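Notes for the structure review
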Amino acid sequence: MRTLTMKPEITAAVGFLSRFLRIKGHVNDRQLQTFSQCLQDILAEQYQHHWFPDRPCKGSAYRCIRINHKMDPLVIRAGQLIGLSIQQLYCLLPSELTLWVDPFEVSYRIGEDGSICVLYESQPSPAGGPAPDSAPSSPAVPPGAGVLPGLVDGRISCKEELLLGRTSPSKAYSMMTVSS
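Residues numbered from 1 in each chain as written. Predicted model: local features only at pLDDT ≥ 70, side-chain atom pairs only at ≥ 80, totals over all residues. Heavy atoms only, no water.

A word on the pattern of salt bridges
What counts here: Here, a salt bridge means any Lys or Arg side-chain nitrogen found within 4 Å of an Asp or Glu carboxyl oxygen. A run of H or I in DSSP becomes a helix once it reaches four residues, and a run of E becomes a strand once it reaches two; helices and strands are each numbered from the N terminus. With a 1.4 Å probe rolled over the protein chains alone, any residue whose accessible area is under 20% of its type maximum counts as buried; one over 50% counts as exposed, and the rest are partly exposed.
Enumeration according to the criterion identifies 4 salt bridges in this entry. As a salt-bridge pair, Arg66 and Glu96 come within 2.8 Å of each other at their nearest N and O atoms. Placement of Arg66 in strand S1 (residues 65-67) and of Glu96 in the loop between helix H5 (86-92) and strand S2 (97-102) is noted, with a sequence separation of 30 residues between them. Judged by its relative accessible area of 22%, Glu96 is partly exposed. Linking Glu112 and Arg109 is a salt bridge whose minimum nitrogen-to-oxygen distance equals 3.6 Å. Looking at Glu112, the relative accessible area reads 42%, which means it is partly exposed. Since its relative accessible area comes to 5%, Arg109 is described here as buried.

Following this line, the structure appears as structure tokens:
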């Protein structure tokens, strides 16, 4: 079942968003738990036919959770289930957030020109082998081999494609990896 293969990524994304609600203190533990479970279910259903571990960048835009002048509709659905209005969600969450939920990687950017930070990263399992829960990835190429950072199995990562396609220079570009 595909849902099982996306569980660590969805859990990382939902945990990240839920922490904002907890930090601001406007929701109780029960509401937070309900929000988290509902958002996990919503994302699993939404991504069910848009999850391609063999081609992680395929469908990346579809799986992107975006908050800017418009609140992401999936976040609205989960928020409304615990009684939060769109305005309350805007107060609790960053006003400019992009959250990419891709096979083997969950990353985010706060602000339009902010740094992209990695929340979760794992390696694809060998064909037929069990998928690792969450392990820090190691470079596919030895350090100093003269390749672009973000090269995964000879391909540029989804986020690197975004940065290479920028028309304006980004501010600092640093990666932070957090593994559970």
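Here we look at the UniProt feature "domain: Anti-proliferative protein" (unreviewed entry) in the protein
Note the following rule: UniProt positions are given in the numbering used here, feature names are shortened, and annotations may be inferred rather than shown by experiment.
Mapped onto this numbering, the UniProt entry gives "domain: Anti-proliferative protein" (unreviewed entry) at residues 47-67 and 93-112. Taken end to end, residues 47-67 comprises 24% helix and 14% strand; its first and last C-alpha atoms sit 18 Å apart. Counted over residues 93-112, helix gives 0% and strand 60%. Its end C-alpha atoms are 15 Å apart.

Re the sheet that holds strand S4 (residues 116-121)
Just so we agree on the cut-off: Here the rule is simple: two strands pair whenever DSSP picks up at least two bridges between them. Inter-axis angles, ranging from 0 to 180 degrees, are taken between N-to-C directions of lines fitted to C-alpha atoms, where helices are fitted over the stretch in contact.
Across the sheet, 4 strands lie side by side as S1-S2-S3-S4; this open sheet has antiparallel pairing. The open sheet has two edge strands, S1 and S4, and neither has a second partner. On average, each strand axis in the sheet is tilted by 10° relative to the strand beside it, whichever way the strands run. By the bridge criterion, 3 bridges tie S1 to S2 in an arrangement that is antiparallel.

Describing the nonpolar core
For clarity, the threshold we go by: Side-chain atoms within 4.5 Å are what join buried Ala, Val, Leu, Ile, Met, Phe, Trp, Tyr and Cys residues into a set we call a nonpolar core. Any two residues having at least one pair of non-hydrogen atoms within 4.5 Å are treated as being in contact.
Within the largest apolar cluster, 39 residues are counted, with the highest numbers of intra-cluster contacts made by Leu17, Leu93 and Leu99. Considering every element that reaches this core, the biggest residue donor is helix H1 (residues 2-24), with 9 residues. When neighbours within four sequence positions are excluded, Leu99 is seen to be in contact with Ala13, Phe16, Leu17, Arg63, Cys64, Ile65, Val106, Ser107, Tyr108 and Leu119.

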